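Chain and residue survey
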Amino acid sequence: MIVRETGLQDCFVIEPTIFDDGRGSFFESFNLQKFQEKVGLNINFVQDNQSISQRGVLRGLHFQKGEFAQAKLVRVIKGRVLDVVVDIRKNSETFGQTFSIELTGENNKQLFVPRGFAHGFSVLEDDTIFFYKCDNYYHKASEGGILFNDKTLQIDWKLKKEEILLSEKDTFLNSLDHL
Ligand SMILES: Cc1cn([C@H]2C[C@H](O)[C@@H](COP(=O)(O)OP(=O)(O)O[C@H]3O[C@H](C)C(=O)[C@H](O)[C@H]3O)O2)c(=O)[nH]c1=O
C-alpha cells in the first residue's frame, strides 16, 4: 500500500498492493490498521455508499456541513471516473484549490477526502460502479454543494458540455463565492 500526497493537507492517494496470479488478482480494498498507520489519521468509517452511472453523468460537487461533514475513501470498482475534490476549509492555506485524479477499475487507486472538502466525479465509461466509505452518516438537511462549472474553479471534467448529465438538485448548486 503506497500513500501519496496531493498537495492538499490530509488528502491522499492510496495505491493498494495488487497480487496477480494465474487466476486473476487480489487486493485488500481496506485495512483499518494499515490505513491508520500509513495515512496517520484516526478515522472511523461508519457508512459505505455505492452508485452506478453511465458515461456523461456528473455527480457533485457535494459536501455535508458542520458536525455532519464527512471524510470519504473513494474508489472505482468497475469503469472510469475523473474524481475531483475542492478544499473548502475556511482557514486552509489551500482554500479553493482542487485536486483531480482518474480512478478506474484497472488502476484500483483510491482517494482519501478529508472533512471540509467538496467532492464530485465525472463518469468516463458506461456502467461505472463507484464505491466509497464515509466517516459520518448521511444527513440530508446538512447537504451543500458547488456548481460543477463554477467560474472560479474552472474544472475540466473531461466530458463534452452536451454529454453532461446532472441531477436536478445539482443544477441549482451555489458558486464557491457564495459558500
Ligand atoms: C448520499 C446519499 C444519498 N442518499 C439518497 C438520497 C437520494 O434519494 C439518492 C441519491 O442521492 P444523491 O443524488 O445525493 O446521490 P449523489 O449525487 O451520488 O451524491 C453523492 O455524490 C457525491 C459525489 C458525494 O461525494 C456524496 O457522497 C453524495 O452527495 O440517495 C442516501 O440515502 N444516503 C446517502 O448517503
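This structure is a prediction, so every number in the text was calculated from the model and none was measured.

Criteria and thresholds
Residues numbered from 1 in each chain as written. Predicted model: local features only at pLDDT ≥ 70, side-chain atom pairs only at ≥ 80, totals over all residues. Heavy atoms only, no water. Helix = DSSP H or I, 4+ residues; strand = E, 2+ residues; numbered from the N terminus. Buried < 20%, exposed > 50% of the residue type's maximum accessible area, 1.4 Å probe, protein only. Phe/Tyr/Trp six-rings, centres within 6.5 Å; stacked < 30°, edge-to-face > 60°. Lys NZ or Arg CZ within 6 Å of the ring centre and 35° of its normal. UniProt positions renumbered as here; feature names shortened; annotations may be inferred. Contact = heavy atoms within 4.5 Å. Core = buried A, V, L, I, M, F, W, Y, C linked by side-chain atoms within 4.5 Å. Pairing = 2+ DSSP bridges. Axes fitted to C-alpha atoms, helices over the stretch in contact; angles between N-to-C directions. Polar contact = N/O pair within 3.5 Å; in protein donor to acceptor, adjacent residues only side chain to side chain. Salt bridge = Lys/Arg side-chain N within 4 Å of Asp/Glu carboxyl O.

**Looking at unusual backbone geometry**
In this structure, L61 follows G60 across a cis peptide bond, with omega equal to 0°. Turning to its location among the elements, L61 is positioned in strand β6 (residues 58-64). The backbone of D10 sits at a positive phi, close to 70°, despite the residue not being glycine. As for its placement among the helices and strands, D10 is situated in the loop between β1 (2-5) and β2 (12-15). Since its relative accessible area comes to 26%, D10 is described here as partly exposed. With a phi close to 50°, Q154 is a non-glycine residue in the positive phi region. Relative to the helices and strands, Q154 resides in the loop between β13 (143-145) and α2 (168-171). Taking the relative accessible area as the measure of exposure, Q154 reaches 61% and is therefore exposed.

**A few points about the packing of aromatic side chains**
Under the definition given, this model contains six aromatic pairs. Ring geometry for F30 versus F45: centroids 5.4 Å apart, planes at 80°, classification edge-to-face. Residue F30 is found in the loop between β4 (24-26) and α1 (32-39), and its partner F45 is found in the loop between α1 and β5 (47-53); the two are separated by 15 residues along the sequence. F30 gets classed as partly exposed once you look at its relative accessible area, which sits at 29%. Summarising the aromatic geometry, the rings of F121 and F130 are spaced 3.8 Å apart at their centres and angled 15° between planes, so their arrangement reads as stacked. For F130, a relative accessible area of 0% translates into the label buried. Ring-pair connections join several aromatic residues into one group, and the members of that group are F30, F35, F45 and F112. Sitting over the face of the ring of F30, K133 holds its NZ or CZ atom 5.1 Å from the ring centroid.

**Topic: the UniProt feature "active site" (unreviewed entry) in the protein chain**
When the UniProt feature table is mapped to this numbering, "active site" (unreviewed entry) covers H62 and Y132. These annotated residues cover 71 residues of sequence, but their C-alpha atoms sit close together, with the largest distance between any two at 13.7 Å. Looking at the element boundaries, H62 is found in strand β6. What H62 contacts, discounting residues up to four positions off in sequence, is K72, F117, A118, H119, G144, G145, K169, D170 and L173.

**Description of the nonpolar core**
Counting residues in each nonpolar core, the largest one holds 19 residues, and the members touching the most others are V81, V85, F99, L111 and F130. Every element with two or more residues in this core is listed here: β7 (72-78), β8 (80-87), β9 (98-104), β10 (110-113), β11 (117-123) and β12 (128-134). Core analysis: the next-biggest nonpolar cluster, separate from the first, contains 18 residues, L58, I146, L153 and I155 among them.

**A closer look at the sheet that holds β12**
Remark on secondary structure: sheet strands pair via backbone hydrogen bonds, oriented parallel or antiparallel. Strands sit in the order β1-β2-β10-β7-β12-β5 across an open sheet of six strands; the sheet is antiparallel. Two strands bound the open sheet, and with one partner strand each, they are β1 and β5. For this sheet, the mean inter-axis angle between neighbouring strands, taken without regard to orientation, is 25°.

**Examining the side chain of D87**
Tracing the sequence through the fold places D87 in strand β8. Within the structure, the side chain of D87 is placed 2.5 Å from the side chain of S92, a separation counted as a polar contact. Among all residues touching D87, those that are not within four sequence positions of it are S92, T94, F95, G96, Q97, G116 and F117.

**Quick notes on the pattern of salt bridges**
The final tally for this structure, using the stated rule, is 12 salt bridges. Here R89 ties to D87 by a salt bridge, and the two come within 3.0 Å at their closest N and O atoms. In this structure, R89 and D87 share a single accessibility class: buried. In this structure, the salt-bridge partner of D135 is R115, at a minimum N-O distance of 2.9 Å. On the criterion of sequence distance, the pair formed by D135 in the loop between β12 and β13 and R115 in the loop between β10 and β11 is long-range, its members being 20 residues apart. Look at R115 and you get partly exposed, because its relative accessible area is 37%.

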